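The lines below spell out each chain.
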Amino acid sequence: MDGWRILHVLSLVWLGAGLGSTYPLILRAWATKDLKYQMYCLVEAADNHSRVLLPGAMATGVTGFFWAVSTDYNFVKDAWLGTLAGSYVFFYLVCLPLLGFGLRRARLAALIAQKKGEETPELRAILDDRVPIVFGTVLVLSVPFLSWLAIFKPF
């Protein structure tokens, strides 16, 4: 039981590192008007998403599930655990891939704009769309919510 707890906490640290290495770059890309810096931020954010954030989210889900099973929690009787699992599925199996899709799209538009040497209409449309900012914010805000459910077990 303690082994799963340790692995789960390490996975949470990995998830936090992924969010911390991805989300600030997204905010910086939208805050600047410098095309080269936007491209750099979007490329780095997309790389961090796939290399750090995505594996951290997967490890957190797997270790959390096995920790709950090893401690004999019941996903039906313990309503907080069912809510936690459902929320995790929404945040990390719906919002996380949508964030990745938005980042890849923005990265591609930034690379095309850099090759042309000017801001393209496609890049402007993507930057006005703000999909990565919205889903990144949802993911960042999910951490305190999921932590609150796991710590306080409100129902």
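Quantities reported herein were computed from a predicted structural model and do not represent experimental measurements. (Residues numbered from 1 in each chain as written. Predicted model: local features only at pLDDT ≥ 70, side-chain atom pairs only at ≥ 80, totals over all residues. Heavy atoms only, no water.)

Visitor: I'd like a description of the environment of Val-76, backed by residues and values.
Guide: Structurally, Val-76 is set in the loop between α2 (35-70) and α3 (79-116). Residue classification places Val-76 among the exposed positions, given a relative accessible area of 73%. Separated by 67 residues in the primary sequence, Val-76 and Val-9 have C-alpha atoms spaced 24 Å apart. (Helix = DSSP H or I, 4+ residues; strand = E, 2+ residues; numbered from the N terminus. Buried < 20%, exposed > 50% of the residue type's maximum accessible area, 1.4 Å probe, protein only.)

Visitor: Go over the environment of Phe-135 with me, naming the residues and quoting the values.
Guide: With respect to the helices and strands, the residue Phe-135 is situated in helix α5 (residues 131-152). When the C-alpha atoms of Phe-135 and Val-94 are compared, they prove to be 9.6 Å apart, with 41 residues separating the residues in sequence.

Visitor: Describe the pattern of salt bridges, with residues and values.
Guide: Here the idea is simple: oppositely charged side chains can pair when their charged atoms come close. For the structure shown, the criterion picks out 4 salt bridges. Between Arg-124 and Glu-119 there is a salt bridge, with its nearest N and O atoms 2.8 Å apart. For Arg-124, a relative accessible area of 26% corresponds to the partly exposed category. Given the relative accessible area of 39%, Glu-119 is considered partly exposed. (Salt bridge = Lys/Arg side-chain N within 4 Å of Asp/Glu carboxyl O.)

Visitor: Mind laying out the nonpolar core, listing which residues take part and the relevant values?
Guide: Membership of the largest hydrophobic core comes to 36 residues, with the highest contact counts inside it found for Ile-26, Trp-30, Tyr-92, Leu-96, Leu-99, Leu-123 and Leu-139. Looking at this core, the elements with two or more residues in it are α1 (2-31), α2, α3, α4 (121-129) and α5. It is α3 that contributes the most residues to this core, 14 residues altogether. Among all residues touching Ile-26, those that are not within four sequence positions of it are Ala-45, Leu-99, Leu-103, Pro-132 and Ile-133. (Core = buried A, V, L, I, M, F, W, Y, C linked by side-chain atoms within 4.5 Å. Contact = heavy atoms within 4.5 Å.)

Visitor: Could you give an account of α5, with specific residues and numbers?
Guide: A turn of α-helix holds 3.6 residues, and therefore any two residues three or four places apart point the same way. Along its 22 residues, α5 runs 32 Å from first to last C-alpha, staying within 8% of the 32 Å computed at 1.5 Å per residue. Of all the bends found along α5, the most pronounced is centred on Ser-142 and spans about 30 degrees, while Pro-144, a proline, follows it within four residues. Residues of α5 that are buried include every one of Pro-132, Ile-133, Gly-136, Leu-139, Ser-142, Leu-146 and Leu-149, and no others. Those residues of α5 that are buried are in contact with α1 and α3. Positive phi appears at Lys-153, one or two residues downstream of α5, with a value of about 40 degrees. (Expected span 1.5 Å × (residues − 1). Bend = angle between axes of the 7 residues up to and from the residue.)

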